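Remarks on the overall topology
So you can see what is in the structure, the chains are spelled out below.
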Amino acid sequence: APHRNPNDDPDDPNDDWVGGSTEIDGVLVDNADIVQDGVIATYSEGVTITLGEGTRIQNFGGMSAVRVSGGTLVMQHGSEIDMEVTRTKGDDSDYGFAGAVWVQSGTFTLDKGASIHDTDGHAVYVDGVGSEVTINGDIRDISTSSQAWQGSNGGALHVRGGAAATINGVISNVSGSGSAVYITGGGTSKSSLSLSEGAVIRDCGDNVAGIQVFGNNGIKVSVDGEITGIRVLHPSVSQSSSLMPLH
């Protein structure tokens, strides 16, 4: 049965449950009672998940709304993922939640006219060699969170572990701290990021960088699109350590 931390006030509805909680309509619900992996998930290379026009996944708990561990996810025009809840993790040593879309060794395409919006943490979290993400649609109104896996690094898009991401659409209104887009490697893994011509990252909060690059193991970042409305006091593209030149 759900239980509270012994140090919590049982009469305080804002105290977290052991293992973390999700606030739904003002009530804290133990994350153990909510789907932990994804509302929808695939673990096979031969599987394709398609969110068609009019599909909406809202107020998801656990690690993600959709997990792609092998296989393919396509969000078609008119589909969306969003939430109206606040999530927390349990102990500081816990990973925290991944992203609205969590990709490990799979592929994800956000079509033009599809959107991920009004979420906290990461809109898209992509990890691992062979993982590919293409953003043709809209990621907007994202609040970064220290409670998320890897914290506030990459509120709209977090790329790591040799994954590849291409942005052809629009990322906007990422608030909180950290960065809108974050890319790092992992061991000898060489992650890559492309902001294509016509793509835009814009209008982020006072403490949010446009693109943050971390690592020195051959990460490749190509910027041909527009980065504008970035008010944080360092460059729109920030290199956190020595790496190959940006292209």
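Whatever comes next refers back to the structure up there.
Because the structure is a prediction, the values reported are computed rather than measured. The written sequence of each chain sets the order in which its residues are numbered from 1. Selection of residues for local features in this predicted model requires a pLDDT of at least 70, selection of side-chain atom pairs for listing and counting requires 80 or more, and totals for whole chains, interfaces and linings are taken over all residues. The basis for every side-chain value is the complete set of heavy atoms in the structure, and neither hydrogens nor water enter the calculation.

Before going further, it helps to examine the sheet that holds strand E18 (residues 170-175). Two strands pair under a simple rule: DSSP has to find at least two bridges between them. Under the scheme used here, helices are H or I runs from DSSP no shorter than 4 residues and strands are E runs no shorter than 2 residues, and both carry numbers assigned from the N terminus. Taken together, the 7 strands give an open sheet; going across it, the order is E5-E8-E12-E15-E18-E21-E24, and neighbouring strands pair in parallel fashion. Each having just a single partner strand, strand E5 (56-58) and strand E24 (226-228) make up the two edges of the open sheet. Along the sheet, successive strands turn relative to each other by an average axial angle of 10 degrees, direction set aside. When E5 meets strand E8 (residues 80-82), the two strands line up parallel, connected through 3 bridges. Within E8, the residue paired with Ile57 across the bridge is Ile81. Angles here are taken between N-to-C directions and fall from 0 to 180 degrees, while the axes themselves are lines fitted to C-alpha atoms, restricted in helices to the stretch in contact.

Per-residue accessibility, obtained with a 1.4 Å probe over protein chains only, is compared with the maximum for each type, and a residue is labelled buried under 20%, exposed over 50%, and partly exposed between these values. Here strand E19 (residues 178-184) lies mainly inside the structure; 6 of its 7 residues are buried. One ladder, built from 3 bridges, connects strand E16 (residues 157-160) with E19; its direction is parallel. Pairing of Val159 across the sheet is with Ile183, part of E19. Two strands pair when backbone bridges link them, and E19 and strand E22 (residues 208-214) are joined in this way by 6 bridges, in the parallel orientation. When the sheet's bridge partners are listed, Val181 is paired in E22 with Ile211.

Let us look at the nonpolar core. One broad rule of soluble globular proteins: the nonpolar side chains tend to lie buried together. Counting residues in hydrophobic clusters, the biggest one holds 49 residues, and the most contacted among them are Ile81, Phe108, Ile116, Val124, Ile139 and Leu157. Ranked by the residues each element gives to this core, the list is headed by E22, at 4 residues. In this text, buried Ala, Val, Leu, Ile, Met, Phe, Trp, Tyr and Cys residues form a nonpolar core when linked through side-chain atoms within 4.5 Å. Met63, Trp102, Tyr125 and Trp149 belong to the second-largest nonpolar core, a separate cluster that totals 5 residues.

Moving on, we come to the environment of Asp138. As for its placement among the helices and strands, Asp138 is situated in strand E15 (residues 138-143). The spatial distance from the C-alpha of Asp138 to the C-alpha of Ala114 is 6.3 Å, given a sequence separation of 24 residues. In this view, Asp138 contacts Leu110, Ala114, Ser115, Ile116, Val170 and Ser172; residues no more than four positions away in its chain are not counted. Residues are treated as being in contact if the distance between any of their heavy atoms lies within 4.5 Å.

Put simply, a salt bridge is a Lys or Arg side-chain nitrogen that is within 4 Å of an Asp or Glu carboxyl oxygen. Within the structure shown, the criterion is met by 4 salt bridges. The salt bridge involving Arg140 is made with Asp141; its shortest N-O contact spans 3.9 Å. By sharing partners, the salt bridges in this structure join Asp138, Arg140 and Asp141 into a single network.

We now examine the packing of aromatic side chains. The description of an aromatic ring pair uses the distance of the two centres, along with the angle that the planes make with each other. The aromatic pairing rule takes the rings of Phe, Tyr and Trp, using the six-membered ring of Trp, and pairs them if the centres are within 6.5 Å, calling planes under 30 degrees apart stacked, those over 60 edge-to-face and the rest tilted. Inspection of every chain in the model, using the stated rule, returns 2 aromatic pairs. Between Trp102 and Trp149, the aromatic rings sit 5.8 Å apart at their centres with planes inclined by 80 degrees, giving edge-to-face as the arrangement. In this pair, Trp102 is assigned in strand E10 (residues 99-104) and Trp149 in the loop between E15 and E16, connecting sequence segments 47 residues apart. The exposure class of Trp149 is buried, given its relative accessible area of 14%. With 5.1 Å between their ring centres and 10 degrees between their planes, Tyr125 and Trp149 make a pair best called stacked. Here Trp149 lies in the loop between E15 and E16 and Tyr125 lies in strand E13 (residues 122-127), a separation of 24 residues in the sequence. By the burial criterion, Tyr125 is buried, and Trp149 matches it.

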